[in-house]
Amino acid sequence: MKIKVPKKPLPSLLSLVGYPVAILFSVFSFFQIGFNLEDFKRNLANRSIVTDPLFNPKWEWAIENASQALLETIQIAILASILGCFIALPLSFYASRATNQTTITYYIYKSFLNFIRTIPDLFWAMLFTVAVGIGPFAGVLALIMFSMAIMGKLLSETIDSIDLGPLEAAKASGAKHNQAVFSSALPQILPNFTAYFLYIFELCIRASVILGLVGAGGVGRIIETQRIFLRFDRITPIIVLILIAVIAIEQFSVWLRRKIL
Amino acid sequence: MIEFKNVSVTYPGGVKALNNISLDIKEGDFVIIVGMSGAGKSTLLRTVNNLVKPSEGEVIVNSKNVTKASKKELKAIRSDIGMIFQTFNLVNRSSVLKNVLTGRLSQVSTLRSIFGLWPKEDKEIAFESLNKVEILEKAYVRGSNLSGGQQQRVGIARALAQKPKVMLADEPVASLDPITSRVVMQYLKQINQELGITTIVNLHFLDLAKEFGERLIGLKDGELVYDGKVDDVSDQDFENIYGRAIKSSDLLGDED
Amino acid sequence: MNIPKQPFNQKILRYTITFLIVIGSIWSASGLEITTERFLTAPSKLWILISAMFPLDLSEEAFSRIVPKVGESLFIAWAGTVIGAIFSFPVSFLAANNVALNMVSRVTKQILNIIRAFPELILAFVFLPITGLGPLTGTLAVGIHSIGTLGKLSSEVIEGIDEGPLESIKSSGGSKINELLFGVVPQVMPTITSYWLYRFEINLRASAVLGVVGAGGVGAELINQLRFRDFPRAGTVLVVTILMVLIVDTISAAIRKRIIKGREVKV
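Residues and elements named next belong to chain B. Taken together, the six strands give an open sheet; going across it, the order is E6-E7-E8-E3-E9-E10, and neighbouring strands pair in mixed fashion. For this open sheet the edge positions go to strand E6 (81–84) and strand E10 (223–229), each flanked by a neighbour on one side alone. The sheet shows a mean angle of 15° between the axes of neighbouring strands, taken without regard to direction. For strand E3 (residues 30–34) and strand E8 (residues 198–203), the ladder comprises five bridges, and the chain directions are parallel. What sits directly across from isoleucine 33, in E8, is asparagine 202. Helix-sheet contacts for helix H6 (residues 148–161) involve E6 and strand E7 (166–170), and the interaxial angle to E6 is about 170°. Strands in contact with helix H9 (residues 235–242) are E3, strand E9 (215–220) and E10; relative to E10, the strand with the most contacts, it is inclined by about 160°.

Bringing the sheet that holds strand E1 (residues 2–10) of chain B into the picture now. All names here are of chain B. Taken in spatial order, the four strands line up as E2-E1-E4-E5 in an open sheet, and their pairing is antiparallel. Each of the sheet's edge strands pairs with one partner strand only, and the pair in question is strand E2 (16–25) and strand E5 (64–65). With six bridges joining them, E1 and E2 adopt antiparallel strand pairing. By the bridge assignment for E2, phenylalanine 4 is matched with leucine 23.

Chain B puts seven residues into the contact, and the matching count from chain A is five residues. Looking at the side of chain B that touches chain A residue by residue, the classes come out as four nonpolar, one polar and two charged.

On to the domain arrangement of chain B. One widely used convention gives an interface's size as the accessible area the parts lose upon coming together. Residue and element names in this part refer to chain B. The domain boundaries assigned to chain B delineate domain 1 (25–52 + 68–80 + 168–256) and domain 2 (88–163). Its C-alpha centre places domain 1 at a distance of 24 Å from the equivalent point of domain 2. At the junction of the two partners, domain 1 supplies ten residues and domain 2 supplies ten residues. Breaking the side of domain 1 that touches domain 2 down by element, the ones donating at least two residues are helix H2 (71–79) and helix H7 (178–195). The dominant element in the side of domain 1 that touches domain 2, judged by the number of residues it contributes, is H7, at five residues. Considering only residue class, the side of domain 1 that touches domain 2 consists of six nonpolar, three polar and one charged.

Turning our eyes to something else, we now look at the pairing of strand E4 (residues 56–61) of chain B. Residues and elements named next belong to chain B. Pairing of E1 with E4 involves five bridges; the strand directions are antiparallel. Following the sheet pairing, serine 8 is matched in E4 by glutamate 56. Following E4, the chain reverses through two residues before pairing antiparallel with E5; asparagine 62 in that reversal takes a positive phi of roughly 55°.

It is worth spelling out the nonpolar core at this point. As a rule of thumb, soluble globular proteins bury nonpolar side chains together. Ala125, Met126, Val140, Ala142 and Leu143 of chain A together with Ala124 and Leu210 of chain C are the most contacted members of the largest nonpolar core, which has 136 residues in total. Once residues lying within four places of it in the same chain are set aside, the contact partners of alanine 125 of chain A are Ala138, Gly139, Ala142, Leu211, Val214 and Ala216 of chain A. Counting residues in hydrophobic clusters, the runner-up holds 77 residues, among them Ile21, Met83, Val91 and Leu252 of chain B.

What counts and how
Residues numbered from 1 in each chain as written. Chains lettered and ligands numbered in written order. Predicted model: local features only at pLDDT ≥ 70, side-chain atom pairs only at ≥ 80, totals over all residues. Pairing = 2+ DSSP bridges. Helix = DSSP H or I, 4+ residues; strand = E, 2+ residues; numbered from the N terminus. Axes fitted to C-alpha atoms, helices over the stretch in contact; angles between N-to-C directions. Contact = placed C-beta atoms within 7 Å. Nonpolar A, V, L, I, M, F, W, Y, C, P; charged D, E, K, R; others polar. Domains from an automatic or database assignment. Core = buried A, V, L, I, M, F, W, Y, C linked by C-beta atoms within 7 Å. Buried ≥ 20, exposed ≤ 12 C-beta atoms within 10 Å, placed from the backbone.

So this is what it looks like as structure tokens:
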């Protein structure tokens, strides 16, 4: 019995164009990066610069000099994430269609948040070190922008998908717009806000380590100075200390998340 | 065709799902199993293809011992047993055709299946199976874009593509409306009659059981409490199986 | 009338959290010698810097220096993401506790956690003496860090699948590999691919920055211009970087949306 088999649909535009472009671009990129075997061999011979000091880590030096900076790093992260996230809270409501019906301000806030997101955190750090001087303050400001950007995006998307019911009910009973948002929309997103905050805090800790490289305070500054002198025997224990701190904070935040949510 | 020999199943935690079930099902039978939720219907069905391993006793399918089979033998046995599920179990993002072809996986080399190089015969078997449940035209539609009834038909097609000797249906219509349920049951009955595939269906809608069943098996608390022709079943018998008076939720009804 | 009291635990929790936040901020701020006054004057200082960047340096010389570097950042980000995607995919299966043995998945997850803990810059640091100054170092740094993050995210997607289709494949005589390829992969690919693209967006920002340690990309340009106080040129670097990031973000977001939504086949 001959049955009428349907025609197989043509591949979509995305797969037809996308896959070849992606593969070609990948090959091209790898070429551009330029993997030079000679250079690689030569540099591999130099690896003793990194590996020798590994067997001679200067723990006392690291603990003595880096602990203060590590503390600074953590403080930068705490302050910046708290301030950044809490500033982002009202901004997100303005950047969401659900809670901001005024088109103009909606676009302004949304574009503002998008714009902040495009600038890498280190660029912010560079800018702020020039504007307010070298030191941890620049780092805090940079990470505030960083936190605002991420929280703004995540939170405004969450607000976009909340249940509008309670909001309508509040307005129907006569509440002003801001009151309604505060009482009906805010509680809905609080769990998300907390989860995002913990996540951003972790990110800030890591970012804060880096910021020091451009003079924005924290332990990065020490790493950079030591790197210039190729003192990997000092850098390695510092990195290990950082690792321990980062993992400890991560475990703490996981525990905290479980407790609260 | 299918023999249950003193089959008992105790789940970890001590729950005894099946208690000493002995049953003979002949080739070509159309059997409906009824009972309350938790009576052991799903468990009984899954001992046939060893998705659940009996704690005691054994199950013989087509002269092969399923319970004691090796991994390799088990795969061969399972490829002769088709199964459809209450939740359809389609891969939502894949097309209908791809879903049905998963029924042929046991017969196709792994390498070929990865690259989508299905042999012509297997593709043809898939198309024929889809045609049998009258859903051929939707072959390239994504699984999740179909209605519940259509998805279940794809499930049946997938099982058919195995060219099975046995068909197991675990509450196949529990999530479907009355009309679609009857359509699906009709397909199962048709397949049983035309292709001679031994069929076991778990149901908890009594009117449906009476409408389509030939042989009825009742389970209560893991024990066999009824085994006989559907025509001989009385309301009293149903009450014995369920341990209580029949409620309206035990009946499918005629319309939504 | 018996008005129920707010549960004691809830109250304690709220006060503790508020307390922690306030104390945390104050402790950090004082440790860093940051006062409210500094906060209030900061925006104006930033504004002064920004206005010093205009008019931008749009000279040919500026562009000939900047554009190749920006392109370099793009290549580093893309190549690094490719490395991350290719290696993280099999690893994510090992890390998923519903696919791999419990012991294997736990060990793999821990390894991924350790890799993730290293920011790309630190990794670039480590590779510098070996692979030298240049984009290769940056790519390796970005790539390896991506393996860590993508590995974790992908494994979570795998752990969240519907196991039903797997049961159906098993019941028809399929092997474990069949289950993975036809049950797991089709379910997770859309989400995992969109994670790859999102990772590319983030890696682009990371690679822009890597130039600071000489690992390729536009970061070196920016910091040099700032150090030499050539603000208009620094401004150009910023603007070009921002434009590139915006373009990539928009295209990537559109593709991701389409991947998640899927294609409609009209019958």
